[in-house]
Each structure stands twice: as C-alpha cells, then as structure tokens.
Amino acid sequence: MKDFTTPMSKVKIAPSIICADFGNLEKELAALERAGADLLHADVMDGHFVQNFALNPTIIHYICSHSRIPVEVHLVVEEPERFIDLFSTVGASIITVHVESTNNIVRVINRIKQLGIKASVAINPATPVGHLDYILEYLDMVVVMAVNPGFRGQVFLARTVDKIEAIRNLATRKKQHLDIEVDGGMNERTAQSVCRAGANVIIGGAAIFDTGKSREESIRRLRDACVPIKSSRE
Ligand code: ZN
C-alpha cells in the first residue's frame with residue numbers, strides 16, 4: 001500500500017486523472033510522477049448518482065500498477081457499499097464515498113478501513129457540514145465539493161470557503177489530523193483561498209492538464225499559490 005500520510009503543513013496536489021491524456025496514459029503517469037504530484041484523484045461515476053460515467057476498476061488498477069503515486073478512488077456512485085470490496089482490489093490507498101449516496105455511511109466507512117484502506121467522505125455543495133458531525137472522527141479525509149459533481153470545467157462556488165473553515169475548526173476542536181481536499185474549480189486563485197480556509201489537498205483538473213505548460217510547471221504554480229496551513233499538532 002502506497003502511503004499517503006504527509007505533514008499537514010505541506011499542501012498536497014492531486015491531479016484529477018480523468019483529465020489526463022488517455023492516449024498516452026503511461027507517459028502521462030510518468031510526467032505526473034516527475035512533476036511531484038502527491039496523490040492521483042480517480043473519479044468513478046455510475047450514471048445514477050450523477051448523469052455521467054467515468055473510470056472503472058480495470059483502468060484504475062492499471063493506473064495504480066503503473067505509478068508510484070498513491071491513488072484516491074472517488075466513488076461518485078449511488079450505494080457505494082455495493083462496490084467497496086471490488087475497488088479494494090485495485091491498489092488504491094484511499095477511497096472516498098459521498099455522504100449523500102448511502103443510508104449506511106458508518107458501515108461503509110468501517111468496511112473501507114477493515115480492508116486496510118484510508119476512508120474519506122465527500123460532501124456536495126448543498127449538503128450542510130452538520131452531516132459530518134458524527135462521522136468525522138472515523139475519517140482520514142473530507143472532500144469538499146466546490147462544484148456539483150458530474151462534469152468538468154465548472155465554476156467554483158464561493159460558499160465552499162466557509163464550509164472548509166467550519167470543517168477545519170471542527171477537526172481542530174477534536175484535535176484530529178484530518179486532510180481536507182477540495183474537488184472542482186481549482187486554479188491558482190481559488191486554491192489560495194481554500195488553503196487559507198484550512199484545506200490542504202488540492203485537486204487539479206484544467207489547472208494541471210489544460211494550461212499549455214508542462215505538468216511540472218502547472219503543479220508548481222498551483223502549489224506555490226497555496227499558503228500552507230498552520231497546524232498546532234506538528
Ligand atoms: Zn472527484
């Protein structure tokens with residue numbers, strides 16, 4: 001299992017692999033590794049929870065076995081409990097499920113951890129932070145959706161910043177080492193504002209893959225834009 005544990009004070013950059021050049025995937029993975037990407041974010045969509053389809057276990061297994069970068073599987077699917085065991089075999093280091101997608105969120109989190117994988121929960125823009133109250137302590141990471149999931153190229157929703165601040169405060173009160181990742185609409189400007197609010201993992205789509213610059217330069221610019229958060233625990 002590739003370890004994804006890094007100091008909270010370092011902002012981690014997670015390229016969204018659905019934006020990669022799939023015609024040259026092996027080259028793409030090597031370039032992202034050279035560029036210092038910290039995590040590969042792999043979206044799985046089922047056509048139900050969102051009206052789109054994305055990666056499947058076969059392709060994610062390929063990615064996991066052709067890269068030294070840890071991989072996060074983001075299950076943008078209805079009833080993720082049906083797929084946890086299946087995705088536990090692909091080699092991912094962390095699995096993210098949506099708090100809105102299941103009536104058994106605690107059972108799903110427990111199953112992920114039982115399988116030796118880090119557990120993470122995503123919340124949609126319209127979902128209040130209160131939905132995390134009773135589950136936060138079981139989580140390694142929270143993924144705050146800054147756009148409604150399903151399609152790339154959407155505009156960042158500004159209220160995300162308050163939400164991140166509230167989650168970071170909650171984690172600090174619980175003295176919890178929690179990664180907060182932001183999904184959607186990230187560029188140098190928005191990444192800076194979410195990091196100031198307490199996020200420490202930035203997913204890059206267009207900001208990494210559509211800049212016309214090298215992967216290395218795009219990742220460096222995104223990282224430099226972020227002000228590292230201060231953590232009393234390190
Ligand atoms: Zn995602």
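Before going into details, it helps to say that this report is about the structure given with it. Nothing here was measured: the structure is a model prediction, and the numbers come from that model. (Residues numbered from 1 in each chain as written. Predicted model: local features only at pLDDT ≥ 70, side-chain atom pairs only at ≥ 80, totals over all residues. Heavy atoms only, no water.)

Residues Ile60, Ile167 and Ile202 are the most contacted members of the largest nonpolar core, which totals 67 residues. Among the elements that make up this core, the one with the highest residue count is helix H5 (residues 160–173) (five residues). Not counting residues up to four positions away in its chain, the partners in contact with Ile167 are Ile123, Val129, Leu132, Leu136, Val142, Val144, Leu178 and Ile180. In this structure, Ala14, Met141, Val143 and Met145 belong to the second largest nonpolar core, which totals 11 residues. (Core = buried A, V, L, I, M, F, W, Y, C linked by side-chain atoms within 4.5 Å. Buried < 20%, exposed > 50% of the residue type's maximum accessible area, 1.4 Å probe, protein only. Helix = DSSP H or I, 4+ residues; strand = E, 2+ residues; numbered from the N terminus. Contact = heavy atoms within 4.5 Å.)

Our next topic: unusual backbone geometry. Its identity as a non-glycine residue notwithstanding, Glu79 has a phi of 45 degrees, on the positive side. Overall, the relative accessible area of 39% leaves Glu79 in the partly exposed class. For Lys175, which is not glycine, the phi torsion reads 55 degrees and is therefore positive.

Moving on, we come to the coordination of the zinc ion. Coordination sphere of the zinc ion, protein contribution only: His41 (NE2), Asp43 (OD), His74 (ND1) and Asp183 (OD), at 2.1 to 2.2 Å. One can describe the donor arrangement at the zinc ion as irregular, given that its four donor atoms subtend angles of 87 to 166 degrees at the metal. Sequence spacing of the donor residues for the zinc ion, all on one chain, is H-x1-D-x30-H-x108-D. Of this pair, His41 sits in strand E2 (residues 40–45) while Asp183 sits in strand E7 (residues 179–183), and the two are 142 residues apart along the sequence. (Donors = N, O, S within 2.8 Å, 3.2 Å for Na, K, Ca; no water. Tetrahedral: all angles 85-135°; square planar, octahedral: opposite > 155°, others 65-115°.)

Among the structural elements, Ser67 can be located in the loop between helix H2 (57–65) and strand E3 (71–76). With relative accessibility at 5%, the residue Ser67 sits in the buried group. At 3.0 Å, the side chain of Ser67 forms a polar contact with the backbone nitrogen of Ile69. When sequence neighbours within four positions are dropped, the list of residues in contact with Ser67 reads Lys2, Leu29, Glu33 and Leu40. (Polar contact = N/O pair within 3.5 Å; in protein donor to acceptor, adjacent residues only side chain to side chain.)

That's the geometry; what it means functionally is another story.
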